[in-house]
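# Structural description and commentary
Chain by chain, the residues run as shown.
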Amino acid sequence: MTLTQALANHPRAVIGHLPTPLERMGNLGHELGLDLWVKRDDMTGIGMGGNKVRQLEYYLGKAVAQGATQVLITGAVQSNFVRTCAAMAARLGMGCHIQLEERVPDPSPLYRDNGNVLLDRLLGATLYSYPEGEDEAGADANLRAIADDLKRRGEVPFIVPLAADQPPTGALGYAKAAQELVDQKEKFDMIFIASGSALTHIGLLFGLRALGDKTPVHGVCVRRDAQAQTARVAQRLDDLAILLDMPNPTTPDDILIHDRALAPGYGKLSDQTRTAITRTARAEGVFLDPVYTAKVMAGLILQAPDLQGKRVLFWHTGGTPALFAYGDKLGV
């Protein structure tokens, strides 16, 4: 079975503006000594959703197929994923219930009221709070309790399942994106992409290898250290093979993980990420978010001295509304 045939077995809510463009980042690339390009998944077209649009097309495809009236999702307070879910649920005529997990210690006053939280409210989502950001099992159990309450009120709830013990449905969007990239017929020496839940990372890597494309895919950690993230990526690749009912086309050598730009942790700004945000904006007019894409660009910049003259693709996964929750920490 081909990748295209395997993907066709999964329902998809076609909402995103795809394909997204490839653009040369000539100014920043010149500064870094690279032939630098960007895949503009910050331009997927709904709710400033970035990479989450590709993933949610498959989650919400299942929701539509099941006749859902309400969508439930859990994530960090400034999660791009949950905000995009609210936007796409609105487009599909569904209500959205968002559980916001406290993952960032000692946030600024802007953090809980601005950025994505403001947009969640604007989109009409019902918001809930969960106090422990690293308790995936507890957060999921609480979300199921909210779903049970909705059922008692006559609604048909659909939970977007993001925990590592759930099928990696969102990765299907990036397996499909791999075909899109191949069809754009630009060749690169390597790709840099965020690696958090790992769904974007594994979908792209799995898809490229299934299509016979051997371009190295470098995952830059945004939440866990390299050792923990490598194990997560390996497991999720196996899970994706099961979901697609295909052999896993990757090898352990395909899993390239970097965590030099991770410090000081999820949702926290370092001098490296601040520099990546301002340098990219001023060289290219492109905005990065503090949680994901700024860490990827920071990781790329750190690697640049060893990559001189290489043709490098930076995969922009969007998320820029989170910038507004960090305005007092950017130093500009």
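Structure: see above.
Residues numbered from 1 in each chain as written. Predicted model: local features only at pLDDT ≥ 70, side-chain atom pairs only at ≥ 80, totals over all residues. Heavy atoms only, no water.

Turning to its location among the elements, glycine 26 is positioned in helix H2 (residues 26–32). Each C-alpha atom of the pair glycine 26 and proline 252 lies 33 Å from the other, and the pair is 226 residues apart in sequence. (Helix = DSSP H or I, 4+ residues; strand = E, 2+ residues; numbered from the N terminus.)

As a general feature of sheets, a regular strand has side chains that alternate between the two faces. Counting buried positions along strand S2 (residues 35–40) yields five of six residues, so the element is predominantly enclosed. As judged from the six bridges shared by S2 and strand S10 (residues 311–316), these two strands associate in the parallel manner. Looking across to S10, one finds that lysine 39 is bridged to tryptophan 315. (Buried < 20%, exposed > 50% of the residue type's maximum accessible area, 1.4 Å probe, protein only. Pairing = 2+ DSSP bridges.)

What follows is about the packing of aromatic side chains. Working definition: an aromatic ring pair is given by the centre-to-centre distance plus the angle between the planes. For the structure on display, the rule yields three aromatic pairs. With 5.9 Å between their ring centres and 70 degrees between their planes, tryptophan 37 and phenylalanine 188 make a pair best called edge-to-face. Of this pair, tryptophan 37 sits in strand S2 while phenylalanine 188 sits in the loop between helix H7 (171–183) and strand S7 (190–195); the two residues are 151 residues apart in sequence, bridging distant segments of the chain. Residue classification places tryptophan 37 among the buried positions, given a relative accessible area of 9%. Note on tyrosine 174 and tryptophan 315: the rings are 5.9 Å apart at their centroids and 65 degrees apart in plane angle, and the pair reads as edge-to-face. Here tryptophan 315 lies in strand S10 and tyrosine 174 lies in helix H7, a separation of 141 residues in the sequence. Just above the ring of tyrosine 292 sits the side chain of lysine 52; from NZ or CZ to the centre is 4.9 Å. Just above the ring of tyrosine 174 sits the side chain of arginine 54; from NZ or CZ to the centre is 5.5 Å. (Phe/Tyr/Trp six-rings, centres within 6.5 Å; stacked < 30°, edge-to-face > 60°. Lys NZ or Arg CZ within 6 Å of the ring centre and 35° of its normal.)

To continue, consider the sheet that holds strand S1 (residues 22–24). Picture the strands of a sheet paired through backbone hydrogen bonds; they go either parallel or antiparallel. Across the sheet, six strands lie side by side as S1-S2-S10-S7-S8-S9; this open sheet has mixed pairing. Here the strands that pair on one side only, and so sit at the sheet edges, are S1 and strand S9 (256–258). Averaged over neighbouring strand pairs, the angle between their axes works out to 30 degrees when direction is ignored. Examined bridge by bridge, strand S8 (residues 217–221) and S9 share three bridges and lie parallel to one another. Paired with valine 220 across the two strands is histidine 258, which belongs to S9. (Axes fitted to C-alpha atoms, helices over the stretch in contact; angles between N-to-C directions.)

This brings us to the packing of helix H10 (residues 271–284) against helix H11 (residues 293–303). Between H10 and H11, whose axes approach to 8 Å, the crossing angle comes to 95 degrees. For the element pair H10 / H11, the angle class is roughly perpendicular. Contact residues: H10 offers Gln272, Thr273, Ala276, Ile277, Arg279 and Thr280, while H11 offers Ala294, Lys295, Met297, Ala298, Ile301 and Leu302. Along the lines of polarity and charge, the residues of the contact of H10 with H11 split into seven nonpolar, three polar and two charged. (Parallel < 35°, antiparallel > 145°, perpendicular 65-115°, else oblique. Contact = heavy atoms within 4.5 Å. Nonpolar A, V, L, I, M, F, W, Y, C, P; charged D, E, K, R; others polar.)

The subject of this paragraph is unusual backbone geometry. Cis rather than trans, the peptide bond between leucine 18 and proline 19 has omega equal to 5 degrees. Residue position: proline 19 is located in the loop between helix H1 (3–7) and S1. In this structure, methionine 48 is a non-glycine residue whose phi angle is positive, near 50 degrees. Despite not being glycine, alanine 198 shows a phi value in the positive range, around 85 degrees. With respect to the helices and strands, alanine 198 occurs in the loop between S7 and helix H8 (199–210).

Counting residues in hydrophobic clusters, the biggest one holds 66 residues, and the most contacted among them are Leu244 and Trp315. Here leucine 244 is in contact with Met1, Leu3, Ala6, Leu7, His10, Leu172 and Phe206, once residues within four sequence places are set aside. If you look at the next biggest cluster of nonpolar residues, it comprises 30 residues, including Leu32, Val38, Ile277 and Ala294. (Core = buried A, V, L, I, M, F, W, Y, C linked by side-chain atoms within 4.5 Å.)

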